[in-house]
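# Inside the fold
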Amino acid sequence: MALSPRAVRSPLHASAIGTAGQIARADFYIWNDPASIPTTPTLTASKPILNTSDLRAWFDTSDFCRDYINHTTFVPSVANTVVPVGEYCYATIKTYLDDVLHSSTVDLICFDGYGYFLEGHNLSMSPVLMDAGTYLVSDEGDVGSIAIVDDATATWTVKYKPLNADFPEYTETLTQTVGQVPYVDLNLRGTGGNRVSVLKNGVEQKAFTFTEVCEPKYEVYLCDFVNKFGAWQRLTFFKVSKEDFSTTSNEYKVMPQTLPYSTSENRTQVFNVNGKESIKVNTGWVDESFSEVIKQLMLSETVRLNDLPVNITSKSSPMKKGINDKNINYEVSFMYSYDTINNVQ
C-alpha cells in the first residue's frame, strides 16, 4: 500500500468537477491505528456547483484530521521503535456528483505539520519527517529521534556511520509503518556522534550529522517540539540560560468593617495573586542551516522544555548567515504554560 504523507495544519483539499446545478459531496473516512477504514463515513459535506465559470467544488479535510492527532510527551527511542498511533491518522476521501462516485483519494497518512506558502497547494511531504542538516546533541544521552514513514512498497534502511573512524558502522532495517530511529546509534553513544543516512531501496533520501558535545559549564536544556512535518524533534540548548519570575494579581480598595477603622488593616487589598515563570536559553555556536530549525520551533504549537510544557514568547528572530555572522547563536524565550500556584479546577 503506497502511503502519501500529508500535513494537515495546511489545507488538505479534495475536489469534484461537474456542471452547474449538480450537488457535489465528499465522504471523509478518518481513523487511527490499529483500526481499519470505517465502514461508514466519519463525516460528510456537500455543496451545489453554482458558478458556471468554475465548475470545481472543493472540500477541505484538514481540520477534521487534526481532531484525530495529539502530541503530549516525546519519548526518545534508543532503537527502531513505533511512533505512538495518536500522533498521526489515516484518511480516505471519496467525492460524488449527484450521488454518483466521482473520484477516490486513498491511502493518505496525515500528520500535524504544514507546508510553506511557496511550496504550493496540497503538499505531499517527504516520508522522512525531519529536515536534513547538521545538529549538536548532548553526550549525556536522550538525544532525540527521526520519524520515518515506511509504506512497505520499498525497503527502508538507516545507516549509522561514526564520526570517529575507530568504530564500526551500523545499519537498521525499518519494520514499522511509522517508526522512529535515534539520532545516535546506541552502540556509538559517547564516541563523538555519527552521520545518519536514510535510504530507500539503497538510494539516500536524507542525511543528518549529529555531533556529541560535552558542556562542562552551563545547564543543558532539551527542547522537544512538533516540527513542520508534524513529528517530534529535539533540540539541545547548551549555553547560558536566564530565568525570570513575575506575578499577577487583582487590586481593590476595601472599605472598613467598622469605624473608627484600624490603621493596621489594608485599605488596598490584592486578590488572586499568582506567578509565571519564564526562561531564555541559548543554542551555542550552530551551523547556518539552523535558521530553518529555529523557524519551525517558533511556528510550533506544541513545545516542551526539559519535559515541561512551554509557550514560545520570542516573536521574531534574525535568520543568521555565516557571511554576516561569523559565529551563529540563537537565543529563544519561553514561558512555562502553567501558573506557579496550582489553580486547576
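In what follows, the structure referred to is the one given above.
Presented here is a report on the structure given in the accompanying data block. (Residues numbered from 1 in each chain as written. Predicted model: local features only at pLDDT ≥ 70, side-chain atom pairs only at ≥ 80, totals over all residues. Heavy atoms only, no water.)

Moving on to the packing of aromatic side chains. The full count for this structure, using the stated rule, is 13 aromatic pairs. With 6.0 Å between their ring centres and 15 degrees between their planes, Phe208 and Phe210 make a pair best called stacked. Considering the side-chain rings of Tyr336 and Tyr338, the 6.0 Å spacing of their centres and the 45 degrees angle between planes classify their relative orientation as tilted. Residue classification places Tyr336 among the buried positions, given a relative accessible area of 10%. (Phe/Tyr/Trp six-rings, centres within 6.5 Å; stacked < 30°, edge-to-face > 60°. Buried < 20%, exposed > 50% of the residue type's maximum accessible area, 1.4 Å probe, protein only.)

What follows concerns the sheet that holds strand β17 (residues 232-237). Pairing in this open sheet of 7 strands is antiparallel, and the strands run β17-β16-β20-β21-β22-β19-β18 from one edge to the other. Across the chains shown, the open sheet's two edge strands, defined by having one partner strand only, are β17 and β18 (242-253). Here the strands of the sheet are splayed against their neighbours by 35 degrees on average, with no regard to which way each runs. As defined by bridge partners, β18 adjoins strand β19 (residues 268-282) across 11 bridges and the pair is classed as antiparallel. Note that in β19 the partner of Thr247 across the bridge is Gly275. Running at roughly 115 degrees to β17, helix α2 (residues 290-299) makes contact with β16 (221-226), β17, β20 (303-305), β21 (308-312) and β22 (331-336) of the sheet. (Pairing = 2+ DSSP bridges. Helix = DSSP H or I, 4+ residues; strand = E, 2+ residues; numbered from the N terminus. Axes fitted to C-alpha atoms, helices over the stretch in contact; angles between N-to-C directions. Contact = heavy atoms within 4.5 Å.)

On the surface, a nonpolar cluster with roughly 270 Å² of combined accessible area is contributed by Tyr252, Val254 and Phe271. Mapped onto the fold, Tyr252 is located in strand β18. (Patch = residues over 30% accessible without salt bridge, like charges linked within 9 Å, V, L, I, M, F, W, Y side chains within 5 Å. Areas by Shrake-Rupley, 256 points an atom, 1.4 Å probe, with all protein chains shown as cover. Salt bridge = Lys/Arg side-chain N within 4 Å of Asp/Glu carboxyl O.)

All right, on to unusual backbone geometry then. For the bond from Asp33 to Pro34, the omega torsion is 5 degrees, close enough to zero to count as cis. Mapped onto the fold, Pro34 is located in the loop between β3 (23-31) and β4 (43-48). Cis rather than trans, the peptide bond between Leu259 and Pro260 has omega equal to -5 degrees. Within the secondary structure, Pro260 is located in the loop between β18 and β19. Notably, Asn306 is not glycine yet its phi reads approximately 50 degrees, a positive angle. Summarising the element assignment, Asn306 is placed in the loop between β20 and β21.

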